[in-house]
Structures are given as structure tokens and as C-alpha cells.
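Descriptive structure summary
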Amino acid sequence: MKIFWLSLLLAKSLPSSAATYSRDVAPILDRHCVQCHRAGEVGPFPLDTYEAARKHARQIALAASTRFMPPFKPVPPSLTFHRERRMSSIEIRTLQAWASTGAPRGIKTSIPSRPAAPPPPPSETWRMLSPYDLPADGPDQYRCFVIPTQLKDARYIDAFEFLPGNRRVVHHALMFFDLSGAARKLDAESDGPGYPCFGTPGFLPTSSLGGWSPGNGLLQMPPGTAIKAPAGADLVFQIHYHFTGKPESDTSAVAVRYSEKPPQKKLLDIPLTSKAIDIPAGQSRYEVTDYFELPVDITLWQIIPHAHFIAREVRAWATPPGGLRKPLLTITDWDFNWQDIYQLKTPLHLKAGTLLEMQVRYDNSDANARNPNRPPQRVLWGPGTTDEMAGVHFNVTVDNEARDLEDLTHSLWGKMIRAIRQR
Ligand code: HEC
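Presented here is a report on the structure given in the accompanying data block. Since the model is a prediction, treat every value here as computed from it, not as a measurement.

1. Digging into the overall build of the chain
- Each helix and strand in the chain was counted, giving seven helices and 22 strands.
- Here the chain has a C-alpha radius of gyration of 24 Å; the compact-globule value for 423 residues is 22 Å, and the two agree.
- Seen through its principal axes, the chain has C-alpha atoms that stretch 80 × 55 × 50 Å.
- Taking all 423 residues of the chain together, the buried fraction comes to 47%.
- Excluding contacts between residues fewer than 6 apart, the proportion of contacts in the chain whose partners are at least 24 apart in sequence is 82%.
- Between the mean site of the 48 positive side-chain charges and the mean site of the 42 negative ones, the chain shows a separation of 7 Å.

2. Notes on the pattern of salt bridges
- In the structure shown here, the tally under the stated rule is 23 salt bridges.
- Of the charged contacts in the structure, one is a salt bridge between E91 and R31, with a shortest N-O distance of 2.8 Å. With E91 in helix α5 (residues 89-100) and R31 in helix α2 (residues 21-32), this pair connects stretches of sequence that are 60 residues apart.
- The partner of D297 in a salt bridge is K351, with the nearest N and O atoms 3.7 Å apart. Remark: K351 occurs in the loop between β19 (342-350) and β20 (355-362) and D297 occurs in the loop between β15 (286-293) and β16 (298-307); sequence separation between them is 54 residues.
- On the accessibility criterion, D297 (21% relative accessible area) is partly exposed.
- What emerges from the salt-bridge pattern is a single network uniting K73, R312, D333, D335 and R370.

3. Overview of the packing of α2 against α5
- At a minimum axis distance of 10 Å, the contact between α2 and α5 shows a crossing angle of 130 degrees. It follows from the interaxial angle that α2 and α5 lie oblique. The crossing of α2 and α5 is left-handed. Contact residues: Y21, D24, V25, I28, L29, R31 and H32 in α2; E91, T94, L95 and W98 in α5.
- Class assignment of the residues belonging to the contact of α2 with α5 gives a composition of six nonpolar, two polar and three charged.

4. Quick look at the state of the cysteines
- Tallied over the full model, the rule gives one disulfide.
- Put simply, C144 and C197 are joined by a disulfide, and their sulfur atoms are 2.1 Å apart. The chirality of the disulfide connecting C144 with C197 is right-handed, given an S-S dihedral of about 100 degrees. Of the two residues, C144 sits in strand β3 (residues 141-148) while C197 sits in the loop between β6 (195-196) and β7 (207-212), which places them 53 residues apart along the sequence.
- The buried category is assigned to C144, whose relative accessible area is 0%.

5. A look at a nonpolar patch on the surface
- On the surface, W413, M416, I417 and I420 cluster together into a nonpolar patch covering about 420 Å² of accessible area.
- Its place among the elements puts I417 in helix α7 (residues 401-422).

6. Structural notes on the sheet that holds β16
- Spatially, four strands are ordered β13-β22-β16-β19 in an open sheet, and the strand pairing comes out antiparallel. The sheet terminates laterally at β13 (268-273) and β19, the two strands that pair on one side only. Across this sheet, the average inter-strand angle for adjacent strands is 30 degrees, counted without regard to direction.

7. Let's talk about the site of the ligand
- Looking at the ligand, there are 21 residues lining it, with C33, C36, H37, M69 and H171 nearest.
- Residue H37 places a side-chain N or O atom 2.8 Å away from a nitrogen atom belonging to the ligand.
- H171 has a polar side-chain atom sitting 3.1 Å from an oxygen atom of the ligand.
- Grouping the constituent residues of the shell around the ligand by class yields 14 nonpolar, six polar and one charged.

8. Here we look at unusual backbone geometry
- Along the chain, M69 connects to P70 via a cis peptide bond; the corresponding omega equals -10 degrees.
- Note that P70 resides in the loop between α4 (57-65) and α5.
- Backbone geometry at A103 places phi at a positive 50 degrees, although glycine is not the residue there.
- Relative to the assigned elements, A103 resides in the loop between α5 and β1 (124-127).
- Judged by relative accessible area, which is 4%, A103 ranks as buried.
- A positive phi angle, close to 55 degrees, is found at Q150, a residue other than glycine.
- The topology assignment puts Q150 in the loop between β3 and β4 (155-163).
- When its relative accessible area of 68% is taken as the criterion, Q150 is described as exposed.

Thresholds applied
- Residues numbered from 1 in each chain as written.
- Predicted model: local features only at pLDDT ≥ 70, side-chain atom pairs only at ≥ 80, totals over all residues.
- Heavy atoms only, no water.
- Helix = DSSP H or I, 4+ residues; strand = E, 2+ residues; numbered from the N terminus.
- Rg over C-alpha atoms; globule rule 2.2 N^0.38 Å.
- Buried < 20%, exposed > 50% of the residue type's maximum accessible area, 1.4 Å probe, protein only.
- Contact = heavy atoms within 4.5 Å.
- Lys, Arg positive; Asp, Glu negative; His and termini not counted.
- Charge placed at Lys NZ, Arg CZ, Asp CG, Glu CD.
- Salt bridge = Lys/Arg side-chain N within 4 Å of Asp/Glu carboxyl O.
- Axes fitted to C-alpha atoms, helices over the stretch in contact; angles between N-to-C directions.
- Parallel < 35°, antiparallel > 145°, perpendicular 65-115°, else oblique.
- Left-handed = near helix turned anticlockwise from the far one by under 90°.
- Nonpolar A, V, L, I, M, F, W, Y, C, P; charged D, E, K, R; others polar.
- Disulfide = S-S within 2.5 Å.
- Patch = residues over 30% accessible without salt bridge, like charges linked within 9 Å, V, L, I, M, F, W, Y side chains within 5 Å.
- Areas by Shrake-Rupley, 256 points an atom, 1.4 Å probe, with all protein chains shown as cover.
- Pairing = 2+ DSSP bridges.
- Near = heavy atom within 4 Å.
- Polar contact = N/O pair within 3.5 Å; in protein donor to acceptor, adjacent residues only side chain to side chain.

The quantities given are spatial measurements derived from coordinates; they are silent on function.
So, in C-alpha cells, the structure goes:
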């Protein structure tokens, strides 16, 4: 009888009190957190030792249970993407149980395995010309740097990796090519290396080389496609910096891999965007939409959403002719700080006649903790910190280029002209 009661007691208490750092928690932190939460990385504190993890046990449990961490914004229903950062509910419950029982160490085991080192970046690099010095603190900065590529001939890039010089301060980065000289001019007019540039880089880029946020390594272009680096172009980094409480310095670079052959396929951008944004102060639910009907068969490779601070939800769908509306991307806690390129795990074929749709919802009330205006102000479309934007970009290839490429580019021009007329 005694044994019966004892085993019942044990069985009841096992799931919570049994969680220890050594056996249960360290492997979870290693798998989902340590890549960013260790010395020299972007996370605000390390989580790679027992002492560090114990100190933050409650914060860890809270960040995990609210799914604030690990940072990955798409939620179901969405397509499946490369590099998804998501914890299972069992893992989250384990972290909660561990924190609520005093964060025990458990029996000291061998040092847990650390994530394997990523493959080395390609050898061709373009680096910022001089280090950029940041003060100890202040509001986050968005700064653009101009790097002359000195390319005599156009080259094609089929993979690239942004290499943050100082991972403690580089929050995210976007890269553009500029042939107009406009970025150089902005740089010359501004003190110190680079120039301030929130939202847009301040010029109309010739093309884009994509973006980077922590956790992203080498970005591979869809097979057969490449990004053209035009002869004589400047590369422009648009970097979002945050502060550490100490003066810091950064010299970032990008490593690129040239493709041996010219691209066989063109990667096109279908931008679903809207400038019809005028959000009254205090309005908690404001919606912006756009759509495009595919004139030809395409393959969808990646989705890139973009909005600023008061956006809360971003959605995208595809409805095939005569079919059901299929959710592609759902973000219900939009965070300007975690802009990502969502590369589809399995490319998606979409037939001519498919309707692509996007919707962005904004909360311009006091209740939105990310609202930069206290009290709330009327918010219009624009590239500035306190303006808003609404965009979901679909990067696609045309299945039969010889027959259909022109049709698609024609329709995209038509869409753009309609948007200009409407304003
Ligand atoms: C891809 C990088 C990355 C990963 C992976 C990551 N973090 Fe973070 N974490 C950050 C950054 C950056 C911040 C600073 C806040 C921000 O920028 O959103 C942060 C902030 C935090 C905070 C502070 C939250 C607050 O109160 O401000 C906690 C706690 C935390 N992370 C825990 C975790 C845990 C636990 C995991 C794993 C389950 C994890 N993080 C995975 C980058 C990461």
C-alpha cells in the first residue's frame, strides 16, 4: 500500500518537478536559443551556461510561453518555410516547469553539444569602407552605407551571406544596388560614414540583394536564378542598429558567390502593396489590402512582407480558379524588428487565373505597445519612422518563360499604372 501511494505521488509530480537543467533544459536552449544568446551574438544575454540560464529562468519561461522567443513570426495557417524557429508545446511546458520549481541544475552531465558551426561563407566579399562608431545608447538607428563594387562587368550572384561586423548591435540589414549615384550623394551630404535612412534607403534601387536577420546564414537563390550585380554599381547596406549600453563599432560585409553560368530563369517580384494608408489617431483596427490575378502559370519561391511599427497582422492567400482560398502566410504579432525573407520549403506552383491577396491590419491606439506615438497620431503612408507601409512581395519564376514572361511583366506594369492613377 505504501508503495502504491508513493508511486502515485511520484507519477503526479513527475512532469513538473522532474525537469532539470542538465537533462531537459540545456538541450532545448541549445536547439532554439544559444545561436543568438551567447557571447558576441545579438541576444541581450547569454543562455549557454547553467548560471546564466538560472538567472533568467522566469524570463525564459515567459518569452517561450508567449512565443516571443525564439523569434519567428509566421503562425498557422502558413506554408512551411526554411529555417523555421519554433518550439513544441512540450518544450515550452518543460521550460515553464523548470522555472516554476526553482530552476534546478540536476546531475551535472558532460557539456551539452553546441550547434554545429555553419558552412564557411563564399570568399568574394564587399566590406564597409570604414568602421561605424555607435554611442552607448539612444533610439535605434537605421543607417545606410555605400560600398563601390568596382565591377567592370556585370556579374550574377546565386548565393550570398551578410556578415555582421558586430552581432551585438546589428539587428537586421537590407542590401541594394544603386547605379544612379544617389546613395553616394546622400553619403557625401551626411557627417561620418553613411547616412541616416529609416524605411527606404532614400533612392530608387536598381535592384535588391535581399536581407538578413539574426539566424540567417547563407541565402541561396532559387535554382537557375541569380541576382544581377550591374557593372559599376554601388552596393548599399541599410542597417538597423540597436545599442548595448557601451560604445560599439561595426564594420559589416557581404560575401557573395558568383554563378558560373548566366541565370536560366528570371526571378520576378510581384509586389502587393498599397499607399492608400490614412489611419486616424486611436483607431485600433485599420485594414489595407491589395490583390493580383496571375495571367500565367508561375512557381512561388519566397514571400517578403514589409510594414512598420503599428502594423499588427499580415496575411497572404492564393485562390486558384474555381478553388478554395489557401492561406500562404499568417502573422498575428507583426514585429518591425523581425523582418524576414520567408523561403518556401517546397516551391508552390500556381496556375494562371489564381488570385493573390494580401492584407495588413494596424492598431493605432494606445493599447498597441509598439505604437511609437504617445498619444497616438494620424499615420499616413510614407518611408519615415512614424509613417506606415503595407507590402507583401511574392518572388516567382514563370513556368514557361518563352511563352509567358512578357504577359506577366505586362500585367505587372498595368497594376503599377492603375495604382498610380488611383492616387
Ligand atoms: C535569432 C536570434 C534569437 C534566438 C534564436 C532567440 N533569441 Fe531571445 N532575443 C534575441 C534578441 C535580438 C532579443 C532582444 C529583443 C528583440 O530584439 O526582440 C532577445 C530577447 C530575449 C529575452 C528578453 C525578453 C525581454 O523581456 O525583453 C529573452 C528572455 C529571450 N530572448 C529568451 C530566449 C529564449 C528562451 C530563446 C530560445 C527558446 C531565444 N531567446 C531565442 C534573439 C534571439
